[in-house]
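An overview of the molecular structure
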Amino acid sequence: MRLNSREQFLRLDVEDPLASIREQFDLPPRLTYLDGNSLGAMPREARNRLSEAMSQWAHGLISSWNNAGWADAPIRVGDKIGRLLGARPSEVVLGDTTSVNLYKALNAALSLHRGGAILTDEQNFPTDLYIAEAVAKKWGVQLRRVPRNQLGEAIQHGVAVVTATHVDYRTGHMLDLRELTKAAHDAGALFVWDLCHSAGAVPLDLNGAEVDLAVGCTYKFLNGGPGAPAYIFAARRFHGDLNNPIPGWFGHDHPFDFDGGYRPAPDARRFLTGTPAILSVAALEAAIDLWLTIDIALVRSKSLVLADLLIDQVMRQCEGFGLELASPQEPATRGSQVSFRHPNAYGLVRALAEVGIVGDHRPPDIARFGLTPLYTRYVDMWDAAEQLSDVLRRRTYLEPRFEVRAGVP
Ligand SMILES: *Cc1c(COP(=O)(O)O)cnc(C)c1O
(Lines give C-alpha, C1' and ligand atoms only; values in the text may rest on other atoms or scores of the structure.)
Protein backbone atom coordinates (compact mmCIF):
# COMPACT_ATOMS: atom_id res chain seq x y z
CA MET A 1 0.00 0.00 0.00
CA ARG A 2 1.31 3.44 -0.95
CA LEU A 3 0.14 6.69 0.64
CA ASN A 4 1.60 10.11 -0.01
CA SER A 5 0.53 12.47 2.72
CA ARG A 6 0.20 12.58 6.48
CA GLU A 7 -3.51 13.38 6.00
CA GLN A 8 -4.04 10.02 4.33
CA PHE A 9 -2.55 8.27 7.37
CA LEU A 10 -4.74 10.31 9.70
CA ARG A 11 -7.76 9.28 7.66
CA LEU A 12 -6.89 5.60 8.16
CA ASP A 13 -6.86 6.25 11.91
CA VAL A 14 -10.33 7.80 11.75
CA GLU A 15 -11.64 4.70 9.97
CA ASP A 16 -9.79 2.24 12.23
CA PRO A 17 -12.18 0.03 14.28
CA LEU A 18 -9.45 -0.33 16.95
CA ALA A 19 -8.72 3.41 17.21
CA SER A 20 -10.75 3.95 20.39
CA ILE A 21 -8.80 1.27 22.29
CA ARG A 22 -5.77 3.58 22.47
CA GLU A 23 -7.69 5.75 24.95
CA GLN A 24 -7.64 2.84 27.38
CA PHE A 25 -3.86 3.20 27.68
CA ASP A 26 -1.97 5.79 29.67
CA LEU A 27 0.58 6.97 27.11
CA PRO A 28 2.72 10.10 27.14
CA PRO A 29 1.42 12.69 24.69
CA ARG A 30 3.57 13.39 21.62
CA LEU A 31 5.46 10.13 21.92
CA THR A 32 5.48 7.60 19.10
CA TYR A 33 5.95 4.40 21.02
CA LEU A 34 7.09 1.54 18.81
CA ASP A 35 8.56 -0.64 21.55
CA GLY A 36 5.47 -2.44 22.84
CA ASN A 37 7.21 -5.65 21.81
CA SER A 38 9.69 -5.04 24.66
CA LEU A 39 7.43 -3.43 27.24
CA GLY A 40 3.76 -3.00 26.45
CA ALA A 41 1.97 0.23 27.36
CA MET A 42 0.04 0.58 30.62
CA PRO A 43 -3.72 0.04 30.48
CA ARG A 44 -5.41 2.78 32.56
CA GLU A 45 -7.38 0.07 34.34
CA ALA A 46 -4.12 -1.37 35.75
CA ARG A 47 -3.97 1.54 38.20
CA ASN A 48 -7.43 0.69 39.56
CA ARG A 49 -6.67 -3.00 39.86
CA LEU A 50 -3.40 -2.35 41.65
CA SER A 51 -5.08 0.05 44.00
CA GLU A 52 -7.81 -2.55 44.65
CA ALA A 53 -5.19 -5.21 45.37
CA MET A 54 -3.41 -2.84 47.76
CA SER A 55 -6.68 -2.34 49.66
CA GLN A 56 -7.22 -6.10 49.80
CA TRP A 57 -3.75 -6.36 51.27
CA ALA A 58 -4.27 -3.51 53.74
CA HIS A 59 -7.77 -4.40 54.90
CA GLY A 60 -8.33 -8.06 54.04
CA LEU A 61 -4.81 -9.14 54.98
CA ILE A 62 -4.44 -12.92 55.02
CA SER A 63 -8.16 -13.49 54.32
CA SER A 64 -7.65 -12.03 50.84
CA TRP A 65 -6.04 -15.29 49.76
CA ASN A 66 -9.55 -16.73 49.90
CA ASN A 67 -11.84 -13.71 49.73
CA ALA A 68 -10.13 -11.74 47.00
CA GLY A 69 -9.30 -14.65 44.71
CA TRP A 70 -5.56 -14.47 45.33
CA ALA A 71 -5.02 -18.21 45.78
CA ASP A 72 -6.55 -19.18 42.45
CA ALA A 73 -5.11 -16.21 40.52
CA PRO A 74 -2.53 -18.32 38.61
CA ILE A 75 -5.32 -20.58 37.35
CA ARG A 76 -7.94 -17.90 36.77
CA VAL A 77 -5.61 -15.62 34.82
CA GLY A 78 -3.95 -18.63 33.18
CA ASP A 79 -7.33 -19.70 31.82
CA LYS A 80 -7.99 -16.19 30.53
CA ILE A 81 -4.63 -16.18 28.73
CA GLY A 82 -5.51 -19.65 27.46
CA ARG A 83 -8.46 -18.11 25.60
CA LEU A 84 -6.01 -15.86 23.73
CA LEU A 85 -3.84 -18.86 22.87
CA GLY A 86 -6.54 -21.26 21.70
CA ALA A 87 -6.20 -23.46 24.77
CA ARG A 88 -8.81 -25.17 26.95
CA PRO A 89 -9.35 -24.41 30.64
CA SER A 90 -6.70 -25.97 32.94
CA GLU A 91 -4.08 -26.03 30.16
CA VAL A 92 -2.41 -22.70 31.02
CA VAL A 93 -1.11 -21.41 34.34
CA LEU A 94 0.53 -18.15 35.23
CA GLY A 95 3.76 -17.88 37.17
CA ASP A 96 7.52 -17.38 37.23
CA THR A 97 9.32 -16.08 34.15
CA THR A 98 9.54 -17.36 30.61
CA SER A 99 13.08 -18.57 31.33
CA VAL A 100 11.95 -20.63 34.34
CA ASN A 101 8.91 -21.95 32.51
CA LEU A 102 11.06 -23.00 29.58
CA TYR A 103 13.27 -24.88 32.01
CA LYS A 104 10.21 -26.63 33.39
CA ALA A 105 8.73 -27.41 29.97
CA LEU A 106 11.99 -28.78 28.50
CA ASN A 107 12.58 -30.98 31.53
CA ALA A 108 9.01 -32.25 31.44
CA ALA A 109 9.29 -32.98 27.72
CA LEU A 110 12.61 -34.81 28.14
CA SER A 111 11.26 -36.88 31.00
CA LEU A 112 8.62 -38.18 28.57
CA HIS A 113 11.04 -38.73 25.69
CA ARG A 114 14.26 -39.82 27.32
CA GLY A 115 17.46 -40.32 25.43
CA GLY A 116 17.09 -38.06 22.41
CA ALA A 117 18.64 -34.72 21.54
CA ILE A 118 17.22 -31.26 22.02
CA LEU A 119 17.01 -29.37 18.73
CA THR A 120 16.84 -25.60 18.52
CA ASP A 121 17.30 -22.60 16.28
CA GLU A 122 20.87 -21.28 16.66
CA GLN A 123 19.53 -17.71 16.56
CA ASN A 124 17.00 -18.39 19.32
CA PHE A 125 16.65 -15.81 22.11
CA PRO A 126 19.73 -16.11 24.36
CA THR A 127 17.83 -17.15 27.49
CA ASP A 128 16.25 -19.98 25.51
CA LEU A 129 19.69 -21.14 24.36
CA TYR A 130 21.14 -20.98 27.88
CA ILE A 131 18.23 -22.93 29.34
CA ALA A 132 18.26 -25.52 26.56
CA GLU A 133 21.98 -26.01 27.07
CA ALA A 134 21.58 -26.48 30.82
CA VAL A 135 18.72 -28.95 30.39
CA ALA A 136 20.64 -30.94 27.76
CA LYS A 137 23.60 -31.15 30.12
CA LYS A 138 21.41 -32.22 33.03
CA TRP A 139 19.90 -35.07 31.00
CA GLY A 140 23.19 -35.98 29.30
CA VAL A 141 21.76 -35.40 25.82
CA GLN A 142 23.01 -33.43 22.85
CA LEU A 143 21.87 -29.88 22.07
CA ARG A 144 21.70 -29.45 18.31
CA ARG A 145 21.62 -25.87 17.06
CA VAL A 146 20.72 -25.35 13.43
CA PRO A 147 19.94 -22.25 11.34
CA ARG A 148 16.32 -21.21 11.72
CA ASN A 149 15.51 -21.98 8.09
CA GLN A 150 16.82 -25.54 8.51
CA LEU A 151 14.80 -26.39 11.59
CA GLY A 152 12.19 -28.36 9.63
CA GLU A 153 14.67 -30.66 7.89
CA ALA A 154 16.66 -31.18 11.12
CA ILE A 155 13.62 -32.67 12.88
CA GLN A 156 14.46 -36.33 12.55
CA HIS A 157 14.52 -39.50 14.58
CA GLY A 158 16.95 -39.15 17.46
CA VAL A 159 15.50 -35.76 18.37
CA ALA A 160 13.44 -35.93 21.55
CA VAL A 161 12.45 -32.30 21.90
CA VAL A 162 12.43 -29.34 19.53
CA THR A 163 12.29 -25.83 20.91
CA ALA A 164 12.06 -22.55 19.03
CA THR A 165 10.62 -19.08 19.28
CA HIS A 166 7.57 -18.81 17.05
CA VAL A 167 8.23 -15.17 16.09
CA ASP A 168 11.92 -14.25 16.04
CA TYR A 169 12.76 -11.34 18.32
CA ARG A 170 15.27 -9.78 15.93
CA THR A 171 13.59 -9.99 12.55
CA GLY A 172 9.98 -10.81 13.36
CA HIS A 173 10.23 -13.92 11.17
CA MET A 174 7.38 -16.28 12.02
CA LEU A 175 7.70 -20.05 11.80
CA ASP A 176 4.83 -22.30 10.73
CA LEU A 177 3.69 -23.48 14.15
CA ARG A 178 1.25 -26.11 12.89
CA GLU A 179 3.58 -27.62 10.30
CA LEU A 180 6.64 -27.80 12.58
CA THR A 181 4.62 -29.24 15.46
CA LYS A 182 3.39 -31.94 13.09
CA ALA A 183 6.93 -32.57 11.81
CA ALA A 184 8.08 -33.07 15.41
CA HIS A 185 5.24 -35.50 16.10
CA ASP A 186 5.97 -37.42 12.90
CA ALA A 187 9.57 -37.84 14.10
CA GLY A 188 8.40 -39.00 17.55
CA ALA A 189 9.46 -35.73 19.21
CA LEU A 190 7.70 -33.07 21.26
CA PHE A 191 7.78 -29.36 20.45
CA VAL A 192 8.15 -26.67 23.12
CA TRP A 193 7.21 -23.26 21.68
CA ASP A 194 8.25 -19.85 22.97
CA LEU A 195 5.37 -17.46 22.26
CA CYS A 196 6.89 -14.25 23.69
CA HIS A 197 6.40 -12.35 20.42
CA SER A 198 3.23 -14.17 19.38
CA ALA A 199 0.50 -13.83 22.00
CA GLY A 200 -1.25 -10.51 21.42
CA ALA A 201 0.62 -10.09 18.14
CA VAL A 202 -0.73 -12.84 15.87
CA PRO A 203 -3.72 -15.21 16.10
CA LEU A 204 -2.88 -18.48 17.84
CA ASP A 205 -4.68 -21.82 17.97
CA LEU A 206 -2.55 -24.10 20.13
CA ASN A 207 -5.15 -26.87 20.37
CA GLY A 208 -5.90 -26.67 16.65
CA ALA A 209 -2.19 -27.13 15.92
CA GLU A 210 -1.89 -29.93 18.52
CA VAL A 211 0.84 -28.06 20.35
CA ASP A 212 2.43 -30.00 23.21
CA LEU A 213 3.99 -27.39 25.45
CA ALA A 214 4.47 -23.64 25.19
CA VAL A 215 5.71 -20.74 27.28
CA GLY A 216 5.55 -17.00 26.94
CA CYS A 217 5.78 -13.67 28.65
CA THR A 218 3.02 -11.17 29.40
CA TYR A 219 4.83 -7.84 29.56
CA LYS A 220 5.35 -7.38 25.82
CA PHE A 221 2.34 -7.46 23.46
CA LEU A 222 0.01 -8.48 26.31
CA ASN A 223 0.74 -5.24 28.26
CA GLY A 224 0.92 -6.94 31.67
CA GLY A 225 3.52 -4.59 33.16
CA PRO A 226 7.27 -4.76 33.82
CA GLY A 227 8.23 -8.20 35.08
CA ALA A 228 4.64 -9.48 34.98
CA PRO A 229 4.48 -13.26 35.48
CA ALA A 230 4.86 -15.56 32.49
CA TYR A 231 2.65 -18.47 31.45
CA ILE A 232 3.08 -22.11 30.57
CA PHE A 233 0.77 -24.20 28.39
CA ALA A 234 0.58 -27.98 28.63
CA ALA A 235 -1.81 -29.91 26.36
CA ARG A 236 -4.43 -31.86 28.26
CA ARG A 237 -3.36 -35.19 26.73
CA PHE A 238 -0.10 -35.07 28.72
CA HIS A 239 -1.46 -33.84 32.02
CA GLY A 240 -0.99 -37.03 34.01
CA ASP A 241 2.55 -37.60 32.72
CA LEU A 242 4.41 -34.32 32.95
CA ASN A 243 6.87 -33.77 35.77
CA ASN A 244 7.69 -30.34 37.08
CA PRO A 245 11.46 -30.23 37.81
CA ILE A 246 10.79 -27.57 40.49
CA PRO A 247 7.87 -29.23 42.27
CA GLY A 248 6.86 -26.66 44.85
CA TRP A 249 3.79 -26.56 47.02
CA PHE A 250 1.61 -24.53 44.62
CA GLY A 251 1.86 -27.40 42.15
CA HIS A 252 0.65 -29.88 44.75
CA ASP A 253 -2.88 -31.20 44.34
CA HIS A 254 -3.84 -29.67 47.72
CA PRO A 255 -1.17 -27.13 48.75
CA PHE A 256 -2.94 -26.18 51.94
CA ASP A 257 -3.07 -29.75 53.24
CA PHE A 258 0.62 -29.23 54.04
CA ASP A 259 1.19 -32.81 52.99
CA GLY A 260 4.79 -33.99 53.55
CA GLY A 261 4.82 -35.88 50.25
CA TYR A 262 4.46 -34.31 46.81
CA ARG A 263 1.34 -35.23 44.87
CA PRO A 264 1.09 -33.15 41.67
CA ALA A 265 -2.13 -31.40 40.65
CA PRO A 266 -3.87 -33.30 37.85
CA ASP A 267 -3.58 -30.56 35.22
CA ALA A 268 -1.26 -27.70 34.15
CA ARG A 269 -1.40 -26.42 37.74
CA ARG A 270 1.36 -28.95 38.50
CA PHE A 271 3.73 -26.53 36.75
CA LEU A 272 3.32 -23.98 39.51
CA THR A 273 6.04 -23.75 42.12
CA GLY A 274 5.55 -21.04 44.73
CA THR A 275 3.37 -18.16 45.84
CA PRO A 276 2.01 -15.96 43.03
CA ALA A 277 3.10 -12.29 42.77
CA ILE A 278 -0.36 -10.87 43.49
CA LEU A 279 0.38 -7.20 42.85
CA SER A 280 1.84 -8.00 39.44
CA VAL A 281 -1.05 -10.30 38.68
CA ALA A 282 -3.50 -7.49 39.49
CA ALA A 283 -2.02 -5.19 36.84
CA LEU A 284 -1.70 -8.02 34.37
CA GLU A 285 -5.31 -9.11 34.81
CA ALA A 286 -6.48 -5.62 33.82
CA ALA A 287 -4.53 -5.99 30.58
CA ILE A 288 -5.83 -9.50 29.89
CA ASP A 289 -9.43 -8.45 30.56
CA LEU A 290 -8.96 -5.73 27.95
CA TRP A 291 -7.49 -8.27 25.52
CA LEU A 292 -10.52 -10.52 25.97
CA THR A 293 -12.72 -7.76 24.47
CA ILE A 294 -10.55 -7.57 21.33
CA ASP A 295 -10.92 -9.42 18.05
CA ILE A 296 -7.39 -10.66 17.29
CA ALA A 297 -8.27 -10.88 13.58
CA LEU A 298 -8.65 -7.08 13.56
CA VAL A 299 -5.32 -6.75 15.36
CA ARG A 300 -3.60 -8.94 12.81
CA SER A 301 -5.05 -7.18 9.78
CA LYS A 302 -4.16 -3.75 11.19
CA SER A 303 -0.67 -4.96 12.09
CA LEU A 304 -0.08 -6.12 8.52
CA VAL A 305 -1.19 -2.79 7.05
CA LEU A 306 0.95 -0.87 9.57
CA ALA A 307 3.97 -2.97 8.60
CA ASP A 308 3.34 -2.54 4.87
CA LEU A 309 3.04 1.20 5.27
CA LEU A 310 6.15 1.51 7.40
CA ILE A 311 8.22 -0.63 5.05
CA ASP A 312 7.00 1.30 2.01
CA GLN A 313 7.60 4.72 3.55
CA VAL A 314 11.03 3.84 4.91
CA MET A 315 12.22 2.12 1.75
CA ARG A 316 11.16 5.11 -0.35
CA GLN A 317 12.38 7.87 1.93
CA CYS A 318 15.57 6.27 3.17
CA GLU A 319 16.89 4.84 -0.08
CA GLY A 320 20.65 5.13 -0.44
CA PHE A 321 21.37 5.39 3.29
CA GLY A 322 22.45 1.81 3.87
CA LEU A 323 19.20 0.67 5.48
CA GLU A 324 18.08 -2.87 4.68
CA LEU A 325 14.83 -4.59 5.55
CA ALA A 326 15.60 -7.39 8.03
CA SER A 327 12.00 -8.55 8.42
CA PRO A 328 10.37 -10.87 5.89
CA GLN A 329 8.73 -9.12 2.92
CA GLU A 330 6.09 -11.84 2.94
CA PRO A 331 3.37 -10.85 5.45
CA ALA A 332 2.42 -14.47 6.20
CA THR A 333 5.84 -15.12 7.73
CA ARG A 334 6.07 -11.87 9.68
CA GLY A 335 4.97 -11.24 13.26
CA SER A 336 4.07 -7.76 14.49
CA GLN A 337 7.30 -5.85 14.10
CA VAL A 338 9.46 -4.35 11.38
CA SER A 339 13.26 -4.49 11.65
CA PHE A 340 15.93 -2.88 9.57
CA ARG A 341 19.66 -3.51 9.43
CA HIS A 342 22.09 -0.64 9.50
CA PRO A 343 25.77 -0.53 10.55
CA ASN A 344 24.86 2.27 13.01
CA ALA A 345 21.58 0.79 14.17
CA TYR A 346 22.26 1.66 17.81
CA GLY A 347 22.95 5.33 17.07
CA LEU A 348 19.90 5.49 14.82
CA VAL A 349 17.60 4.17 17.54
CA ARG A 350 19.04 6.58 20.11
CA ALA A 351 18.79 9.56 17.77
CA LEU A 352 15.19 8.63 16.95
CA ALA A 353 14.31 8.41 20.65
CA GLU A 354 15.50 12.00 21.07
CA VAL A 355 12.94 13.15 18.55
CA GLY A 356 10.14 11.13 20.15
CA ILE A 357 10.18 7.92 18.12
CA VAL A 358 10.87 4.97 20.42
CA GLY A 359 12.06 1.73 18.84
CA ASP A 360 14.95 -0.41 20.04
CA HIS A 361 18.24 -1.92 18.97
CA ARG A 362 19.30 -5.56 18.95
CA PRO A 363 22.90 -6.54 18.25
CA PRO A 364 24.64 -6.51 16.00
CA ASP A 365 22.88 -4.21 13.56
CA ILE A 366 19.10 -4.31 14.04
CA ALA A 367 16.81 -1.32 14.55
CA ARG A 368 13.45 -2.74 15.61
CA PHE A 369 9.97 -1.23 15.58
CA GLY A 370 7.17 -3.04 17.37
CA LEU A 371 3.63 -2.67 16.02
CA THR A 372 0.98 -2.92 18.72
CA PRO A 373 -2.35 -2.22 17.00
CA LEU A 374 -4.23 -1.57 20.26
CA TYR A 375 -2.38 1.72 20.54
CA THR A 376 -0.14 2.12 17.47
CA ARG A 377 -1.68 4.58 14.99
CA TYR A 378 -1.32 4.65 11.23
CA VAL A 379 0.05 8.16 11.47
CA ASP A 380 2.85 6.80 13.66
CA MET A 381 4.16 5.00 10.56
CA TRP A 382 4.35 8.29 8.67
CA ASP A 383 6.02 10.08 11.56
CA ALA A 384 8.52 7.28 12.21
CA ALA A 385 9.57 7.13 8.55
CA GLU A 386 9.87 10.94 8.33
CA GLN A 387 12.04 11.12 11.42
CA LEU A 388 14.15 8.15 10.39
CA SER A 389 14.89 9.70 7.02
CA ASP A 390 15.68 13.02 8.72
CA VAL A 391 18.12 11.37 11.14
CA LEU A 392 19.78 9.54 8.24
CA ARG A 393 20.00 12.64 6.06
CA ARG A 394 21.40 14.84 8.83
CA ARG A 395 23.59 12.02 10.18
CA THR A 396 22.73 12.94 13.76
CA TYR A 397 23.08 9.24 14.66
CA LEU A 398 26.87 9.70 14.38
CA GLU A 399 26.99 12.14 17.27
CA PRO A 400 29.38 10.90 19.96
CA ARG A 401 26.75 10.92 22.74
CA PHE A 402 24.95 8.10 20.93
CA GLU A 403 28.00 5.89 21.24
CA VAL A 404 27.60 5.62 25.00
CA ARG A 405 25.53 2.48 25.64
CA ALA A 406 22.65 2.53 28.06
CA GLY A 407 22.22 -0.44 30.42
CA VAL A 408 19.04 -1.64 28.69
CA PRO A 409 19.42 -0.99 24.95
C1 LIG B 1 11.41 -11.51 26.10
C2 LIG B 1 11.76 -12.92 25.84
C3 LIG B 1 12.07 -13.79 26.87
C4 LIG B 1 12.15 -13.25 28.26
O5 LIG B 1 12.30 -14.21 29.24
P6 LIG B 1 12.12 -13.79 30.77
O7 LIG B 1 12.45 -14.99 31.51
O8 LIG B 1 10.68 -13.35 30.93
O9 LIG B 1 13.01 -12.64 31.06
C10 LIG B 1 12.31 -15.11 26.57
N11 LIG B 1 12.26 -15.56 25.29
C12 LIG B 1 11.98 -14.73 24.25
C13 LIG B 1 11.93 -15.25 22.87
C14 LIG B 1 11.74 -13.38 24.50
O15 LIG B 1 11.49 -12.57 23.50
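Please read all numbers here as calculations on a predicted model, not as lab measurements.

To continue, consider the packing of aromatic side chains. Tallied over the entire structure, the rule returns eleven aromatic pairs. Centre to centre, the rings of Phe9 and Trp382 are 5.5 Å apart; their planes meet at 55°, and the pair counts as tilted. Pair noted here: Phe9 is in helix H1 (residues 6-15) and Trp382 is in helix H12 (residues 378-394), with a separation of 373 residues, a long-range link. Take Phe9 and Trp382: they sit in the same class, and that class is buried.

Moving on: unusual backbone geometry. In this structure, the amide linkage connecting Pro363 to the following residue, Pro364, adopts the cis form with an omega of 0°. Tracing the backbone through its elements, the reader meets Pro364 in the loop between strand E14 (360-362) and strand E15 (366-370). One non-glycine residue, Leu61, lies in positive phi territory at about 45°. Of note, Leu61 is situated in the loop between helix H2 (44-60) and helix H3 (64-67). Located in the positive-phi region is Arg395, a residue other than glycine, with phi close to 55°. With respect to the helices and strands, the residue Arg395 is situated in the segment after H12.

Across the sheet, four strands lie side by side as E11-E12-E15-E14; this open sheet has antiparallel pairing. Unpaired on one side and paired on the other, strand E11 (324-325) and E14 mark the two borders of the sheet. Sheet analysis places strand E12 (residues 337-341) next to E15, joined by five bridges and oriented antiparallel. The partner of Ser339 across the bridge, within E15, is Arg368. Contacts from helix H10 (residues 296-317) reach E11, E12 and E15, with the element oriented near 25° to E12.

Right, let's talk about the pattern of salt bridges for a bit. Across all of its chains, the model carries 27 salt bridges by this definition. One salt bridge connects Arg237 with Asp212, and the closest N-O pair in it is separated by 3.0 Å. Residue Arg237 is found in the loop between strand E10 (231-234) and helix H9 (278-291), and its partner Asp212 is found in the loop between strand E8 (190-194) and strand E9 (213-216); the two are separated by 25 residues along the sequence. The exposure class of Asp212 is buried, given its relative accessible area of 1%.

What follows concerns the site of the ligand. All residues in the neighbourhood of the ligand are listed as Thr97, Thr98, Ser99, Phe125, Thr127, Asp128, Thr165, Asp194, Cys196, His197, Tyr219 and Lys220. Within the backbone of Thr98, a nitrogen or oxygen atom sits 3.4 Å from an oxygen atom of the ligand. The separation between an oxygen atom of the ligand and a polar side-chain atom of Lys220 is 2.6 Å. Here the ligand, which alone exposes 390 Å², has 87% of that area covered by the protein. Elements represented by at least two residues in the shell around the ligand include exactly helix H5 (98-112) and helix H6 (126-139). Classifying every residue of the shell around the ligand gives three nonpolar, six polar and three charged.

Moving on to the sheet that holds strand E6 (residues 143-146). What the seven strands build is an open sheet, ordered E4-E10-E9-E8-E7-E5-E6; its pairing is mixed. Two strands lie at the open edges of the sheet, namely strand E4 (92-94) and E6, each paired on one side alone. Put simply, the sheet's adjacent strands are angled 20° from each other on average, direction ignored. Here strand E5 (residues 117-121) pairs with strand E7 (residues 159-165) via four bridges, running parallel. Bridge assignment links Thr120 to a residue of E7, and that residue is Thr163. Against the sheet, helix H8 (residues 177-186) makes contact with E7 and E8, and its axis sits at roughly 150° relative to E8, the strand it touches most.

Turning our attention to the pairing of E9. Every second residue of E9 is oriented toward a common face, with Leu213 and Val215 on one face and Ala214 and Gly216 on the other, all of them buried. In this sheet, E9 lies alongside E8 in parallel orientation, the contact comprising three bridges. Across the sheet, Trp193 pairs through a bridge with Ala214, a residue of E9. As judged from the four bridges shared by E9 and E10, these two strands associate in the antiparallel manner.

You can see Ser111 is positioned in helix H5. Residue Ser111 is classed as buried on the basis of its relative accessible area, which comes to 11%. At 2.9 Å, the side chain of Ser111 forms a polar contact with the backbone oxygen of Ala108.

Annotation of the protein at the domain level lists domain 1 (6-30 + 295-403) and domain 2 (47-291). Inter-centroid distance (C-alpha atoms) of domain 1 to domain 2 is 30 Å. Tallying the contact residues gives 26 residues for domain 1 and 18 residues for domain 2. With both chains or domains summed, domain 1 and domain 2 bury close to 1700 Å², and 63% of this area falls on carbon and sulfur atoms. The interface formed by domain 1 and domain 2 holds one salt bridge in total. When the shortest N-O distance is used, the salt bridge between Arg47 and Asp26 registers 2.7 Å. Our enumeration of links across domain 1 and domain 2 arrives at nine residue pairs in polar contact (both at pLDDT 80 or more). Elements supplying a minimum of two residues to the side of domain 1 that touches domain 2: strand E1 (25-26), H10, E12 and E15.

Thresholds applied
Residues numbered from 1 in each chain as written. Predicted model: local features only at pLDDT ≥ 70, side-chain atom pairs only at ≥ 80, totals over all residues. Heavy atoms only, no water. Phe/Tyr/Trp six-rings, centres within 6.5 Å; stacked < 30°, edge-to-face > 60°. Helix = DSSP H or I, 4+ residues; strand = E, 2+ residues; numbered from the N terminus. Buried < 20%, exposed > 50% of the residue type's maximum accessible area, 1.4 Å probe, protein only. Pairing = 2+ DSSP bridges. Contact = heavy atoms within 4.5 Å. Axes fitted to C-alpha atoms, helices over the stretch in contact; angles between N-to-C directions. Salt bridge = Lys/Arg side-chain N within 4 Å of Asp/Glu carboxyl O. Near = heavy atom within 4 Å. Polar contact = N/O pair within 3.5 Å; in protein donor to acceptor, adjacent residues only side chain to side chain. Areas by Shrake-Rupley, 256 points an atom, 1.4 Å probe, with all protein chains shown as cover. Nonpolar A, V, L, I, M, F, W, Y, C, P; charged D, E, K, R; others polar. Domains from an automatic or database assignment. Buried area = accessible area lost by both parts, 1.4 Å probe.

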